[in-house]
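Breakdown of the fold
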Amino acid sequence: MTPSALHRAASGKRLSFTSQELLERLVAFPTVSSESNLPLVDWVEAYLVQWGARCRRTFSDDRSRANLLATFGPEGSGGVLLSGHTDVVPAGEPQWESDPFQMEARGSRLYGRGTADMKGFLAVALSLVPEVAKSTLDRPFQFALSYDEEVGCVGAPRMIRDLVSAGIQPEIAIVGEPTDMEVVVAHKSVHLFRTTVRGVEAHSSQPHLGAGAILGAGRLIEAIWRIGEEARREADSSAGFEPPWTTVQVGLIEGGTAVNILPAECTFVWEYRSLPGEDQERIPKRFETEVRERVLPALREFAPDAEIETEPISRVPPLAPEEGGAAEAFACEVLGEAPGAGRVVAYGTEGGQFQEAGISTVICGPGSIDQAHRPNEFVEIEQLERCEAFLRGVLGRVRG
């Protein structure tokens, strides 16, 4: 159903959907990160508005993507925010056994791109909108849908800055990434960089007349490996992460024109994922020391104009455990669990961005991260049911 049809229907009976019906609709929007998410946002906003939500958007620079924030209940700060990203990774793998953008039920599982990561959570949350709208709320109850999480959590910071500046900062955020419905209280950071080595082209028989960019890049990549090995040796296994150390790796490299030509340029993309509590700038500083003291002087021996430039691509802050955190206590109360036993995970989320804004945050959502970014992605129906019970319990604690 299109947004206009939804608005027409809203003039009469307001529409409601089950979580599975909503998941089927959300999966059908092919919101891969290279495409606009506006058709999905339009549809969801129309659905929310018919139930009385107060909605606001924040856009990407080119306005092809948008975050959506919907609020029920009183104005102002406080209350609970349910957060999920709308984008999904591409689904071009040949191993798919069904159309990745047409949800398919097989036994106890629902298959489709985004069913686990993380449209399943959004579907469950949105299925409760009629109950939220009919409730007397003593605190704000909010739904946050972000763009471009999969390419570095790019969209959420704009939405967070907007809600804080508008004076509608929630007390608690629940980010519904797939955790098998277990409460996650911490995750690593993600820092992504692009390094470009610029040498001087020359015939390979005359290396003294140039500087090979690939060899320079290779020395830096070897330095990255050494930094990662040091982090592994220094790991504290009691931290609970798997693996229990800050990881460093190079994922992409490009350069060169022919085997007998010293390449003028080489670019590689690298990342590190650092544990909460560590100096988040330690690795870039180590890397720049390698550039300044070893690699660049060697390149400039025969090519004084050689350069090395490192450009940050994205930064996803860690989610740190909160001593006596309001979000963990709240989520555990709903689940009937004692605080203090929350899991930690190695993957990054938007949770750290909410936490940096002073919002107590946990990660808790249906499905397994093991299914994310894979062909034949699925979520168990039982996980959606558990999520529905959890979010209904959340709503019950926000009612007046």
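Residues numbered from 1 in each chain as written. Predicted model: local features only at pLDDT ≥ 70, side-chain atom pairs only at ≥ 80, totals over all residues. Heavy atoms only, no water.

The sheet built from 4 strands is open, its strands ordered β11-β13-β9-β14 with antiparallel pairing. This sheet does not close on itself; its edge strands, each paired only once, are β11 (247-255) and β14 (307-316). Across this sheet, the average inter-strand angle for adjacent strands is 20 degrees, counted without regard to direction. Where β11 meets strand β13 (residues 265-273), 8 bridges bridge the pair, whose relative direction is antiparallel. Residue pairing for β13: Glu-254 is matched across the bridge by Thr-267. Its contacts with the sheet put helix α7 (residues 213-233) on β9 (190-198), β11, β13 and β14, and the angle it makes with β13 is roughly 10 degrees. The strands that helix α8 (residues 282-299) touches are β9, β11, β13 and β14; relative to β14, the one it contacts most, it runs at about 165 degrees. (Pairing = 2+ DSSP bridges. Helix = DSSP H or I, 4+ residues; strand = E, 2+ residues; numbered from the N terminus. Axes fitted to C-alpha atoms, helices over the stretch in contact; angles between N-to-C directions. Contact = heavy atoms within 4.5 Å.)

Before going further, it helps to examine the pattern of salt bridges. Should their charged atoms come close, side chains of opposite charge can pair. Counted according to the given criterion, the structure contains 28 salt bridges. Here Glu-222 and Arg-226 are joined by a salt bridge, their closest N and O atoms 2.9 Å apart. Here Glu-222 pairs with Arg-226, and both are found in helix α7, just 4 residues apart, close to one helical turn. We classify Glu-222 as partly exposed; its relative accessible area is 37%. Exposure remark for Arg-226: the relative accessible area of 27% places this residue in the partly exposed category. What emerges from the salt-bridge pattern is a single network uniting Glu-222, Arg-226, Glu-290 and Arg-294. (Salt bridge = Lys/Arg side-chain N within 4 Å of Asp/Glu carboxyl O. Buried < 20%, exposed > 50% of the residue type's maximum accessible area, 1.4 Å probe, protein only.)

Judged by nonpolar contacts, the single largest core of 59 residues is most densely connected at Leu-48, Phe-143, Ile-174 and Leu-391. The element that contributes the greatest number of residues to this core is helix α11 (residues 381-396), accounting for 7 residues. Residues contacting Leu-48, with those up to four places away along its chain left out, are Ala-53, Cys-55, Leu-68, Ala-70, Phe-72, Leu-126 and Val-129. In this structure, Ile-224, Ile-227, Tyr-272 and Ile-308 belong to the second largest nonpolar core, which totals 22 residues. (Core = buried A, V, L, I, M, F, W, Y, C linked by side-chain atoms within 4.5 Å.)

Right, let's get into the environment of Glu-307. Topologically, Glu-307 is positioned in strand β14. Here Glu-307 falls in the partly exposed class, since its relative accessible area comes to 39%. With 32 residues separating them along the chain, Glu-307 and Pro-339 place their C-alpha atoms 52 Å apart. The residues touching Glu-307, leaving out its near neighbours within four places in the chain, are Thr-196, Val-197, Arg-198, Leu-296 and Arg-300. Polar side-chain contacts of Glu-307 include one of 3.2 Å to the side chain of Arg-300. (Polar contact = N/O pair within 3.5 Å; in protein donor to acceptor, adjacent residues only side chain to side chain.)

Right, let's get into the packing of helix α2 (residues 19-27) against helix α3 (residues 38-50). Following both chains from N to C, one finds α2 and α3 inclined at 150 degrees, their axes separated by 10 Å at the closest point. As judged from the angle between their axes, α2 and α3 are roughly antiparallel. Each of Leu-22, Arg-25 and Leu-26 in α2 lies in contact with α3, whose residues at this interface are Leu-40, Trp-43, Val-44 and Tyr-47. (Parallel < 35°, antiparallel > 145°, perpendicular 65-115°, else oblique.)

It is worth spelling out unusual backbone geometry at this point. The residue after Asp-117, namely Met-118, is reached through a cis peptide bond having omega -10 degrees. Along the chain, Glu-242 connects to Pro-243 via a cis peptide bond; the corresponding omega equals 0 degrees. Secondary-structure assignment places Pro-243 in the loop between α7 and β11. Despite not being glycine, Asn-376 shows a phi value in the positive range, around 60 degrees. Tracing the backbone shows Asn-376 in the loop between β16 (360-363) and β17 (378-380).

Okay, a negative patch on the surface next. A cluster of like negative charges, contributed by Glu-234, Glu-278, Asp-279 and Glu-281, occupies part of the molecular surface. Here Glu-281 lies in the loop between β13 and α8. Overall, Glu-281 belongs to the partly exposed group, its relative accessible area being 37%. (Patch = residues over 30% accessible without salt bridge, like charges linked within 9 Å, V, L, I, M, F, W, Y side chains within 5 Å. Areas by Shrake-Rupley, 256 points an atom, 1.4 Å probe, with all protein chains shown as cover. Lys, Arg positive; Asp, Glu negative; His and termini not counted. Charge placed at Lys NZ, Arg CZ, Asp CG, Glu CD.)

Moving on, we get to the side chain of Thr-31. For Thr-31, the position within the fold is in the loop between α2 and α3. A polar side-chain atom of Thr-31 sits 2.7 Å from the main-chain carbonyl oxygen of Thr-86. Setting aside chain neighbours within four positions, we find Thr-31 in contact with Ser-36, Asn-37, Leu-40, Thr-86, Asp-87, Val-88 and Lys-119.

On to the sheet that holds strand β4 (residues 104-106). Strand order across the open sheet formed by 3 strands is β4-β5-β17, with antiparallel pairing between neighbours. Both outer strands of the open sheet, β4 and β17, are each paired with one neighbouring strand and no more. Averaged over all pairs of adjacent strands, the angle between strand axes in this sheet comes to 25 degrees, irrespective of strand direction. When strand β5 (residues 109-111) meets β17, the two strands line up antiparallel, connected through 3 bridges. The partner of Arg-109 across the bridge, within β17, is Glu-380. Helix-sheet contacts for α11 involve β5 and β17, and the interaxial angle to β17 is about 60 degrees.

Turning our attention to the confidence of the model for the protein chain. Per-residue confidence for the protein chain gives a mean pLDDT of 94; residues scoring 70 or more make up 97%. Residue range residues 7-11 is modelled with pLDDT below 50. Its contacts to residues more than four positions away, or to other chains, number 3 contacts. (pLDDT = per-residue confidence, 0-100.)

Let's shift gears to helix α4 (residues 119-127). The buried fraction of α4 is high, at 9 of 9 residues. Looking at α4, one finds that the buried residues are Lys-119, Gly-120, Phe-121, Leu-122, Ala-123, Val-124, Ala-125, Leu-126 and Ser-127.

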